[in-house]
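Reading the structure
Read off the chains here:
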Amino acid sequence: MTKIKVYRFNPEKDAQGKLVEYDVPEGSCGSVLDALDYIRENIDSSLAYYFHQACGKGMCKTCILRIDGKPRVSCQTKLHENMTVEPLYKKVIVDLISER
Amino acid sequence: MSVYETIRSDVLVIGAGGAGLRAAIASAENGSSTVLVNKGSIPKSGATVMADSDLTLDGNSLNKMGFFGEPRDSKDKFFHDILTQGFYLNDQELLRIYVNRAPDRVKELIDWGIPVESSEERAIETAGYYILDVLYKIAKEKGVQFFEDVMITDLLREGDRIVGAVGWDIVRGKFLVFSSKATVIATGGWHKAFLHSAGSRELSGDGIAMALRAGAEVSDMEFITFCANTFYEKSSRDGSLFTYILHFLLGGPIYNINGENVLKKYDEYVVSKAVSSEWNKAIISYVSFKEKLEGKAGPQGGVFLKVDTSDEKKIIKAVESYFPGWNYRGGDFSDLKAKLFKNPGVEVGPSAEYFEGGINVKPDYRASLRGLFAAGESAKSPFGANRVVAATTEMLVSGEIAGKSASEYAKTADLIKPQEKTVEAVVKKAEQKMKPGKPIKELYEQIKVKSFNLLGPIRDEEGLKDLLFFAERAKVDLADYGPTYSRLSYNYEYVLSLEVENMLELIEASATAALLRKESRGVHVRSDYFFTDNDSWLKEIVLVKSNDSYGYSFQEVQQTYESAFRGKYGYFETVKKLLKLRSNITGGH
């Protein structure tokens, strides 16, 4: 398993956001986007990140997130141990979605 | 009565892929106040953003623009070739328009600044995202007002007229009302309903489904193009065209799990023509899917691309000159370099790529309801039963016409304010899907598999009936499914519930038409009717919904400019006849 820290914030409940650690299986998750998909599909279905439209293939760039402090296209960023995934911009709407 | 923010405009355009953006530009240019609403972000949406776009037009016009293009080509030859590719089911008026207007649409894109990567006999090569950037820039200049991340749930209808739509703001979690004199649907296809899809994640055919629910006609719904040789892997890379292009570049055998060269089983002439042009989508998808039906597929249901190791250096050089670093438009595929030369190879197969059918339109791209227009993939295409030339050119041609027609209509029409009760009924219906229930993704997973297996590149009566039964039951069961959490802002499961309703609607429409068409034509292949019958089936199937059931009619194809050969021939024999009818112009289209 690979550990990944993901920023969570529910505007309807939380005063402020926090990083939550998840275990995702190695192999089935090649990219950070795959890992987020895995968490949503298997651990917490409410995880919000901008993906209702993403292409998953590096073309549309709508899945850009702050990964280990730097803006990166999440579907093209290889997953490795102890990565931190945060919203791209400061004004967070929910979880990894921020005001553009 | 809740109060919703209401956005008024002359023209409302739904969908911000190439067709929607081009429609919005035409509408605004014609003097109409224009609102463009899109489920995703602008301009990163739709099938367009992922298109490896070869904008097609007749080679002579291309040559005159100063590009490499075949000067011996003509509009008539281009028309004729598209007709043969479409198995003569094309709406010849729409096709005339496509052929005649393609040069203007391509030229303006070049003038607006799209980079041209290369050109061939009948096409210039560019990327879909370049087209979107340019169209967005122009649309902004023309004063189009944009709404991002808003999913339209249903159209608003007063009498026989469409007067706007209700939208759900996905990020902020609230309803919006759009009130318009004319509405253009440009929401694209419904790739999302298939296990393997070459489109981006939002393409659930919302516009076609809501038009059906509002009572509009749809046509040619049985025709679905599957791109062949797309990458198969359990990840978000599934469905990528990287391997499709790879095979186009390299050619060579395609293997099943037993190591047999599957292309060897078919007519040599058909295979050689298919592999060297974009006929490959229809033919190789059929061939690969047949292996799957015969139990000779790989673990993901696909076939394999593998290259003889003695050619390794040469091949790598060829690939790297086209895909530097094995990167395809931002996607990393360098891990395939090792797999390509080893057994069993790289697993590939058909993915849903293009929907020939859609909202039934006249040559001015108006639909069968007043105030409603459609463009791009959500409208009926000019391509008949099989598309070989570019859909990106089509989205521009139809988008421009639909936007202008909608604007002209808006000039003569009053703004009818949607009644409160009409809005309330639509919102209430959408709100029902917010009710927590069994995880909606479980139903969605079933849908994807069922539709790919039964409405894929090969169909039969038993499978289609099974699918219709499944879809009817799923529509009822849908009431028990829903989001598993109640948060309003970015509740993807709520969005998925709305999308699932739309996908089920379209599966039903498509399977109904596919069941009615008792022959094989273009990308509609029936293993139980494995022939093309030009004596009885040169007609389109038009569906319309009333009281929750489908009515259908057959519309004879008007062969105004060119007539098809008569008779009934085996499917591959027909393909061969059509390939032989091609003009003297070479190239991929």
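What counts and how
- Residues numbered from 1 in each chain as written.
- Chains lettered and ligands numbered in written order.
- Predicted model: local features only at pLDDT ≥ 70, side-chain atom pairs only at ≥ 80, totals over all residues.
- Heavy atoms only, no water.
- Salt bridge = Lys/Arg side-chain N within 4 Å of Asp/Glu carboxyl O.
- Helix = DSSP H or I, 4+ residues; strand = E, 2+ residues; numbered from the N terminus.
- Buried < 20%, exposed > 50% of the residue type's maximum accessible area, 1.4 Å probe, protein only.
- pLDDT = per-residue confidence, 0-100.
- Phe/Tyr/Trp six-rings, centres within 6.5 Å; stacked < 30°, edge-to-face > 60°.
- Lys NZ or Arg CZ within 6 Å of the ring centre and 35° of its normal.

A few words now on the pattern of salt bridges. Residue and element names in this part refer to chain B. Applying the stated criterion across every chain yields a total of 62 salt bridges over all chains. Two residues, E117 and R329, come together in a salt bridge whose shortest N-O distance is 2.9 Å. Of the two residues, E117 is situated in the loop between α4 (92-112) and β4 (118-120) and R329 in the loop between β14 (327-328) and β15 (331-332); the sequence distance between them amounts to 212 residues. On the basis of relative accessibility, which here comes to 39%, the residue E117 falls in the partly exposed class. Taking the shortest distance from any N to any O, the salt bridge between E353 and K281 comes out at 3.1 Å. Taken together, the residues span a long stretch of sequence, with E353 in strand β16 (residues 346-355) and K281 in helix α9 (residues 280-293) at a distance of 72 residues. Each member of the pair, E353 as well as K281, carries the same accessibility label: buried. When salt bridges that share partners are traced, they join R22, R101, R105, E108 and E400 into one network.

In this section: the confidence of the model for chain B. For chain B, per-residue confidence averages 96 on the pLDDT scale, and residues scoring 70 or more make up 100% of the total. Here the predicted complex carries an ipTM of 0.94, next to a pTM of 0.97.

It is worth spelling out the packing of aromatic side chains at this point. Summed over all chains, the structure comprises 44 aromatic pairs over all chains. An angle of 55° between the planes, with centres 4.4 Å apart, marks the rings of F51(A) and Y492(B) as tilted. Here Y492(B) lies in helix α16 (residues 492-516) and F51(A) lies in the loop between α1 (32-42) and β3 (64-67), a pairing that spans two chains. Of the two residues, F51(A) and Y492(B), neither departs from the other in class, the shared state being buried. Note that R96(B) overlies the ring of Y561(B), its terminal NZ or CZ placed 4.7 Å from the centroid.

Of all the nine residues making up helix α6 (residues 206-214) of chain B, eight are buried; the element is thus mostly covered by neighbouring parts of the structure. For α6(B), every residue scored as buried is listed here: D206(B), G207(B), I208(B), A209(B), M210(B), A211(B), L212(B) and A214(B).

Here we take up the confidence of the model for chain A. It should be kept in mind that the predicted coordinates are not to be read in detail where pLDDT is low. Chain-level pLDDT for chain A is 93 on average; 97% of the residues reach the 70-or-more range. Within chain A, the lowest mean pLDDT, 93, falls on α1(A), and the highest, 98, falls on strand β5 (residues 83-86) of chain A.

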